[in-house]
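For reference, the chains in residue letters:
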Amino acid sequence: MRFLVLGASGMAGHTISLYLLNKGHDVTTFSRLPLPYGENIIGDVMDQPLLEALLQNDYDVIINAVGVLNEACDQDRARAVYVNSYLPHMLVDLLENSETKLIHMSTDCVFSGKSAPYGEKSFPDGETFYDRTKALGEIQHPRHLTFRNSIIGPDPSSNGIGLFNWFMKQTGPIRGYTGAIWTGVTTLTLAKAIEKAAEENLTGLYHLVNNDSISKYDLLHLFNKTFKDSTVEITPCNSVQIDKTLINQRKDFSFEVPGYEQMIVEMKQWVESHQSLYPHYFKKD
C-alpha cells in the first residue's frame, strides 16, 4: 500500500513510518526537517498549497501524526488551533473526491478525567486549551478513521517530553504516581494497528486500548524491569489523582492490543534493533 505520513519525525510518526517501510509498504514521509527514511518531503503542514499539491498523488492512506502538544499549545495558540483542530478537517475536505483514506491520531486528553471510564460515545469534556483543540480536530466520517488513545514510546529526540524519554534519563530515586491511571499503547503497537486498520478499512472513531488500566507507578516499574534491570528506585506517590481510562466498545476490528508487559518487551526489541535512532538511550556513564 502507498502511505503518506504527516509528522514523520515525531515520537509516533517515525515509528509508524519505519514499521510500514519494514513491512514492505511504499511510504512517503512529510516532515519539517530532513529524514533518512522513506521518500522524504520537507515542509510545514501550515503550507496549504504544498499540502494540496502533495495530496494530488495517489496514496492509499494518509496518516496524520502531526500535533502541537501541551505547553507548546499555550505558547502558540494560533498554530495549535490550525494544526490540532483545523488541519484534520481540511484534509477530509481535500480528499473528498479521492479514494484515499485518512487515519488521524487523537488522544485521551480530550477527556478531563472526571467521569472515567470513557467509551467512544462519551462526550469529550477536556478543559485545557490543548484538550479542546484536540477534541475539535477529531474526525467522525464514514470513510476515514480517528484512533483515540494515549501513547508511550522511544523518541529520536533526547529532548522529547514523553514519559519513556523522561524515565530513560533517570538514575533514581524517582516517584511513581499510584493514582494516575493510564490506558494506552506503545507507538509500535499503534503502527501495527494502523497497518491492520488500513487493510480492514476501519472507519469512524475507535479507542485503541486493551480495556485494562495501569497506574503510572506500575508502568514505570515495567520500564525499570525491561530496560534497566530494576536498578532505579521508584517510590509510590499518591499526590496526583487522575483517571482518563478509555474503554473500547466496538467489535468490528480484528486487531487485539497486547498486555502492557508484552508491549514494552516488544518496544525494547524495537529500540535495540534501531540503536542508531536512539543514541541517548545507550550512553555509557
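All figures in this text were calculated on a predicted structure; none of them were measured in a lab.

Overview of the pattern of salt bridges
Should the charged atoms of two oppositely charged side chains come close, the side chains can pair.
So, step 1. Across all of its chains, the model carries eleven salt bridges by this definition.
So, step 2. The partner of Glu127 in a salt bridge is Lys114, and the shortest N-O contact between them spans 2.6 Å. Of this pair, Glu127 sits in the loop between strand S5 (101-106) and helix H5 (129-137) while Lys114 sits in the loop between S5 and H5, and the two are 13 residues apart along the sequence.
So, step 3. Between Glu199 and Lys196 there is a salt bridge, with its nearest N and O atoms 3.6 Å apart. Taken as a pair, Glu199 and Lys196 lie in helix H7 (residues 187-200) at a separation of three residues, close to a single helical turn.

With respect to the environment of Ser122
So, step 1. Here Ser122 is to be found in the loop between S5 and H5.
So, step 2. On the basis of relative accessibility, which here comes to 23%, the residue Ser122 falls in the partly exposed class.

Here we look at the packing of helix H8 (residues 216-228) against helix H9 (residues 260-273)
So, step 1. Close contact between H8 and H9 brings their axes to 10 Å; oriented N to C, the two are set at 40°. Comparing the axis directions of H8 and H9 gives the class oblique. Judged by the twist between their axes, the crossing of H8 over H9 is right-handed. Contacts between H8 and H9 involve Leu219, Leu222, Phe223, Lys225, Thr226 and Phe227 on the former and, on the latter, Tyr260, Glu261, Ile264, Val265, Met267, Lys268 and Val271.
So, step 2. Residue classes in the contact of H8 with H9 are distributed as nine nonpolar, one polar and three charged.

Some remarks on the packing of helix H1 (residues 11-22) against H7
So, step 1. Close contact between H1 and H7 brings their axes to 9 Å; oriented N to C, the two are set at 55°. In terms of axis orientation, H1 runs oblique to H7. Crossing angle aside, the handedness with which H1 passes H7 is right-handed. Note on element contacts: H7 touches H1 through Thr187, Leu188, Leu190, Ala191, Lys192, Ile194 and Glu195, opposite Met11, Ala12, Thr15, Ile16, Tyr19 and Leu20.
So, step 2. Here the residues of the contact of H1 with H7 sort into nine nonpolar, two polar and two charged.

So, how was this worked out
Residues numbered from 1 in each chain as written. Predicted model: local features only at pLDDT ≥ 70, side-chain atom pairs only at ≥ 80, totals over all residues. Heavy atoms only, no water. Salt bridge = Lys/Arg side-chain N within 4 Å of Asp/Glu carboxyl O. Helix = DSSP H or I, 4+ residues; strand = E, 2+ residues; numbered from the N terminus. Buried < 20%, exposed > 50% of the residue type's maximum accessible area, 1.4 Å probe, protein only. Axes fitted to C-alpha atoms, helices over the stretch in contact; angles between N-to-C directions. Parallel < 35°, antiparallel > 145°, perpendicular 65-115°, else oblique. Left-handed = near helix turned anticlockwise from the far one by under 90°. Contact = heavy atoms within 4.5 Å. Nonpolar A, V, L, I, M, F, W, Y, C, P; charged D, E, K, R; others polar.

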